[in-house]
Amino acid sequence: MTALELKQIKKFMHTLLLTDAFDEFCVAEVHLVTFAEFTISGTLHPEFFSGDETDEKGEGPEPTAGTLVRWKQLRGNVFSLIRGTHPPLSFRIVFLLPQDRTAALIRQCGSALREEDVKSLSLNCMFRDGSLLLTSGCSITAFTKERTLERAWDDAVVSLTRKLGID
């Protein structure tokens, strides 16, 4: 687990809400406190959509119930709840690396873990009392002392902030 306290909060918020930098992450939960408190579960309900609906890029919703939505599907809604003259009092967003990218990272780092042993690789964004903290997490279903994947995920999160130019 790595915890990064970011100093460039406005730049991070711009990147998070107005660019596609986080769009491919799955969203487990969004909890936002502004004038009211909002909690959004990232669980997809495909029965909401008719079979021919697509988004602006021509992509339809995820096909099965219980999967998580991508940030690109929630970003506009979260932006509309946050935007205004006052910053939020607090927020927490729990991102999960999609399963296919998790599998790729397992292979890339040479971990001995199997894909089915990894429940999730998470990136938690938490803003409170004027500070912003990003925390990586690795949830493994099997007991192991092996930390290759966890270290690789921590490094990937640090790399992401550097690539985005956010300190």
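Residues numbered from 1 in each chain as written. Predicted model: local features only at pLDDT ≥ 70, side-chain atom pairs only at ≥ 80, totals over all residues. Heavy atoms only, no water.

Asks: Is there a simple way to explain helix 4 (residues 148-163) in this structure?
Replies: For the α-helix, the turn length of 3.6 residues means that residues three or four positions removed from each other point alike. The first and last C-alpha atoms of helix 4 sit 22 Å apart over 16 residues, in line with the 22 Å expected at 1.5 Å per residue. Inspection of helix 4 places Leu 149, Ala 152, Trp 153, Asp 154, Val 157, Val 158, Leu 160 and Thr 161 among the buried residues, and these make up the whole buried set. On its buried face, helix 4 is in contact with strand 1 (3-6), helix 3 (99-109), strand 5 (118-128) and strand 6 (131-140). Looking one or two residues beyond helix 4, the residue adopting positive phi is Gly 165, at roughly 70°. (Helix = DSSP H or I, 4+ residues; strand = E, 2+ residues; numbered from the N terminus. Expected span 1.5 Å × (residues − 1). Buried < 20%, exposed > 50% of the residue type's maximum accessible area, 1.4 Å probe, protein only. Contact = heavy atoms within 4.5 Å.)

Asks: Looking at this structure, how should I read the sheet that holds strand 4 (residues 90-96)?
Replies: Strands belonging to one sheet form pairs held by backbone hydrogen bonds; the direction of such a pair is parallel or antiparallel. The strand order across the open sheet formed by six strands is 1-6-5-4-2-3, and the pairing between neighbours is antiparallel. The strands lining the two open edges of the sheet, one partner per strand, are strand 1 and strand 3 (37-41). With direction set aside, neighbouring strand axes in the sheet form an average angle of 10°. Here strand 5 pairs with strand 6 via 10 bridges, running antiparallel. Residue pairing in the sheet places Val 118 in a bridge with Ile 140 of strand 6. (Pairing = 2+ DSSP bridges. Axes fitted to C-alpha atoms, helices over the stretch in contact; angles between N-to-C directions.)

Asks: Would you explain unusual backbone geometry in this entry?
Replies: Both trends apply: most residues other than glycine have a negative phi, and most peptide bonds are in trans. Despite not being glycine, Asp 129 shows a phi value in the positive range, around 50°. Mapped onto the elements, Asp 129 comes out in the loop between strand 5 and strand 6.

Asks: Quick question: what am I supposed to make of helix 1 (residues 9-18) here?
Replies: Among all positions of helix 1, only Phe 12, Met 13, Thr 15, Leu 16 and Leu 17 are buried. Each element contacted by the buried residues of helix 1 is listed here: strand 1, helix 2 (71-82), strand 4, strand 5 and strand 6.

Asks: How should I be thinking about the pattern of salt bridges in this particular structure?
Replies: Two side chains bearing opposite charge may form a pair once their charged atoms approach each other closely. Across all of its chains, the model carries eight salt bridges by this definition. For Glu 150, the salt bridge is made with Arg 147, and the minimal N-O distance between the two is 3.5 Å. Several salt bridges share partner residues, and in doing so they unite Glu 24, Arg 70 and Lys 72 into one network. (Salt bridge = Lys/Arg side-chain N within 4 Å of Asp/Glu carboxyl O.)

Asks: Any chance you could explain the packing of aromatic side chains here in plain terms?
Replies: Where two aromatic rings form a pair, the distance of their centres and the angle of their planes describe that pair. Enumeration according to the criterion identifies seven aromatic pairs in this entry. An angle of 75° between the planes, with centres 5.8 Å apart, marks the rings of Phe 35 and Phe 38 as edge-to-face. Taking relative accessible area as the criterion, Phe 35 reaches 74% and is therefore assigned exposed. Between Phe 91 and Phe 127, the aromatic rings sit 5.7 Å apart at their centres with planes inclined by 20°, giving stacked as the arrangement. Of this pair, Phe 91 sits in strand 4 while Phe 127 sits in strand 5; the two residues are 36 residues apart in sequence, bridging distant segments of the chain. An aromatic cluster of at least three residues, connected via ring pairs, comprises Phe 12, Phe 22, Phe 25, Trp 71 and Phe 95. (Phe/Tyr/Trp six-rings, centres within 6.5 Å; stacked < 30°, edge-to-face > 60°.)

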